[in-house]
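# Per-entry structural report
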Amino acid sequence: MKYPLKIIQLIVLTCCFSCGDSSVAQNDDTIDQNPDKEISFYYGADLSYVNEMLDCGVTYKNSEGIVKSPYAIFSEAGANLIRVRLWNNPTWTNYSNYEDVKLTISKAKAEGMKVLLDFHYSDTWADPGKQEIPAAWLSNIDNIEALSTQLYNYTYQTLNKLAVANLLPDIVQVGNEINPMILQHGDLKWPIDWVRNSTLINNGIKAVRDISKEHNKNIEVMLHIAQPENGLWWFKDATENGITDFDWIGLSYYPIWSEYKLNNLSTPLKTLVDTYKKRLMIVETAYPFTLENADSANNILDSNALVTGYPATEIGQLNYLNKLKEIVKTAGGEGIIYWEPAWVSTNCSTQWAQGSHWDNATLFDHTKKATLGMSFYNGSFNE
């Protein structure tokens, strides 16, 4: 099964080598300010890049032009969920490792926001184009029993360390965009070996359930697929092969790479909700507020990413998000997470160029001031 090249490009972009480790002190006693708050709809932001951006010298400004912590800016705008990715042992970057994730969770919880922890089960980006097994696990790639134990132990131990620090997440993704079979090496193998795949995924789920029970905290499980059309076949195959103990269907939705546009997106979303009786969230989406490039790093979301009626302007960005929210809600979904809204242009570099490949699709303009799109989060105040 083939996947568009650009969706692969989207998630293989690497972080800067010129930035040092974050030196911000961590608070292991951080407590969610609203632990029992009922949330009817999640207004989320993936801030996996934000600690690196701060180390690269970025100062973020809210809609009034006041310099504030990005975590505070999102919280005060109305965001109620922060998503953060975790790589096993990313030796090529100082970020998205355990200590970086721990810092993000502590900052998010200090601002009263919930947390979704995204296990990639890789040392680098895991996505529809690759699910590269961590180097330390490679020797067990053909030993399902040993590999399942390794995956369980890693998931359990990571969450247990967070529990000791009083930083357990509220939702856990068991894998990232797991359209292909997880924990592969090199070129992807198709079709999916569901005996292997279900054994591995169910062991990850079991680790979350065990931690949830032992620490008396409700941690929900999410399975994440790229693009709604792939969710239709994947969840059918998965449930038929014994993957049923999960709470959330998570989807990436970028119109540029999906068969479904805004006018018919409700169809697959409603089908998934009605068929599997699970909660549903769009955990990745984004929209350009401009087509101008702030640096030498090419922008991935170009004019081809535009939807008719939604220009590449700040109001176009906001209207896209509000329309998507309307569609998701009508279909029975319960949340939207904006992917990398703080990955702005800096003097730091990716593997290919200086700057950001996403600077025209963040929720901050090129002066690092919040765009109109940031007011999407204001909707949480009326929920």
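This text gives an overview of the structure that appears in the document. (Residues numbered from 1 in each chain as written. Predicted model: local features only at pLDDT ≥ 70, side-chain atom pairs only at ≥ 80, totals over all residues. Heavy atoms only, no water.)

So, on to the overall build of the protein chain. A tally of regular secondary structure across the protein chain gives nine helices and eight strands. Whereas a compact globule of 383 residues would reach a radius of gyration of roughly 21 Å, the protein chain reaches 19 Å, a difference of no more than 12%. The principal-axis extents of the C-alpha atoms in the protein chain amount to approximately 55 × 45 × 45 Å. Sorting the 383 residues of the protein chain into buried and exposed places 61% on the buried side. (Helix = DSSP H or I, 4+ residues; strand = E, 2+ residues; numbered from the N terminus. Rg over C-alpha atoms; globule rule 2.2 N^0.38 Å. Buried < 20%, exposed > 50% of the residue type's maximum accessible area, 1.4 Å probe, protein only.)

To continue, consider unusual backbone geometry. Cis geometry is adopted by the peptide bond preceding Pro191, which originates at Trp190 and carries an omega value of 0°. On the secondary structure map, Pro191 appears in the loop between β4 (171-174) and α6 (194-214). A positive phi is found at Glu177, a non-glycine position, where the angle reads about 45°. In this fold, Glu177 is placed in the loop between β4 and α6. For Glu177, a relative accessible area of 0% translates into the label buried. Positive phi values are uncommon outside glycine, yet Lys277 reaches one of about 55°. As for its position among the elements, Lys277 is in the loop between α8 (266-276) and β7 (279-284).

Before going further, it helps to spend a moment on the pattern of salt bridges. Counted under the stated rule, the structure contains 17 salt bridges. Glu284 is the salt-bridge partner of Arg83, the closest N and O atoms lying 3.3 Å from each other. You can see Arg83 sitting in strand β2 (residues 81-86) and its partner Glu284 sitting in strand β7, a full 201 residues away along the chain. The exposure class assigned to Glu284 is buried, which follows from its relative accessible area of 1%. A salt bridge links Lys217 to Asp170, with the nearest nitrogen and oxygen atoms 3.1 Å apart. Taken together, the residues span a long stretch of sequence, with Lys217 in the loop between α6 and β5 (220-226) and Asp170 in the loop between α5 (144-164) and β4 at a distance of 47 residues. On the basis of relative accessibility, which here comes to 23%, the residue Lys217 falls in the partly exposed class. Under the relative-accessibility criterion, Asp170 is labelled buried at 10%. A cluster of three or more residues bridged by salt bridges with shared partners is formed by Asp46, Arg83, Asp118 and Glu284. (Salt bridge = Lys/Arg side-chain N within 4 Å of Asp/Glu carboxyl O.)

A word on the state of the cysteines. In total, this model carries one disulfide according to the counting rule given. The disulfide partner of Cys56 is Cys348, and the S-S distance across this bridge is 2.2 Å. Note on the Cys56 and Cys348 pair: the S-S dihedral is about -115°, so by sign convention the disulfide is left-handed. With Cys56 in the loop between α2 (50-55) and α3 (70-77) and Cys348 in the segment after β8 (335-339), this residue pair connects regions lying 292 residues apart in the sequence. (Disulfide = S-S within 2.5 Å.)

With that settled, the discussion passes to helix α9 (residues 314-330). Compared with an ideal rise of 1.5 Å per residue, which puts 17 residues at 24 Å, α9 spans 25 Å between its outermost C-alpha atoms and is within 8% of the ideal. Among the residues of α9, those classed as buried are Gly316, Gln317, Leu318, Tyr320, Leu321, Leu324, Lys325, Ile327 and Val328. Close packing links the buried residues of α9 with β1 (42-46), α8, β7 and β8. Looking one or two residues beyond α9, the residue adopting positive phi is Gly332, at roughly 100°. (Expected span 1.5 Å × (residues − 1). Contact = heavy atoms within 4.5 Å.)

Tracing the backbone through its elements, the reader meets Trp358 in the segment after β8. By relative accessible area, which is 0% here, Trp358 ends up buried. With 18 residues separating them along the chain, Trp358 and Glu340 place their C-alpha atoms 7.9 Å apart. Within the structure, the side chain of Trp358 is placed 3.1 Å from the backbone oxygen of Trp339, a separation counted as a polar contact. (Polar contact = N/O pair within 3.5 Å; in protein donor to acceptor, adjacent residues only side chain to side chain.)

Let's shift gears to the side chain of Lys325. The topology assignment puts Lys325 in helix α9. Although Lys325 lies buried, it forms no salt bridge, and the closest oppositely charged side chain, Glu383, sits 5.2 Å away as judged by the N-O distance. Every residue in contact with Lys325, bar those within four places of it in the chain, is listed here: Phe41, Tyr43, Ile336, Phe376 and Gly379. (Lys, Arg positive; Asp, Glu negative; His and termini not counted.)

Let's shift gears to the packing of aromatic side chains. Throughout the structure, instances matching the rule amount to 27 aromatic pairs. Taken together, a centroid distance of 5.2 Å and an interplanar angle of 65° make the contact between Phe41 and Tyr43 edge-to-face. For the pair Phe41 and Tyr43, one class covers both residues: buried. Considering the side-chain rings of Tyr49 and Trp125, the 6.5 Å spacing of their centres and the 55° angle between planes classify their relative orientation as tilted. Residue Tyr49 is found in the loop between β1 and α2, and its partner Trp125 is found in the loop between β3 (114-119) and α5; the two are separated by 76 residues along the sequence. Its relative accessible area of 2% is what places Trp125 among the buried residues. By way of ring pairs, the aromatic residues Tyr49, Trp87, Trp92, Trp125, Tyr254, Trp257, Trp339, Trp343 and Trp358 are connected into one cluster. (Phe/Tyr/Trp six-rings, centres within 6.5 Å; stacked < 30°, edge-to-face > 60°.)

End to end, helix α7 (residues 228-240) covers 19 Å across 13 residues, agreeing with the expected 18 Å (1.5 Å per residue, within 8%). Residues of α7 that are buried: Pro228, Glu229, Asn230, Gly231, Trp234, Phe235 and Ala238. Those residues of α7 that are buried are in contact with α6, β5, β6 (248-252) and α8. Backbone geometry just after α7 places Gly242 at a positive phi near 90°.

Another point: the nonpolar core. If you look at soluble globular proteins, the nonpolar side chains tend to sit buried side by side. Counting residues in each nonpolar core, the largest one holds 108 residues, and the members touching the most others are Leu223, Trp234 and Tyr377. At eight residues, the largest contribution of residues to this core is made by α5. Once residues lying within four places of it in the same chain are set aside, the contact partners of Trp234 are Ile178, Asn179, Ile192, Trp194, Asn197, Ile201, Leu223 and Ile225. (Core = buried A, V, L, I, M, F, W, Y, C linked by side-chain atoms within 4.5 Å.)

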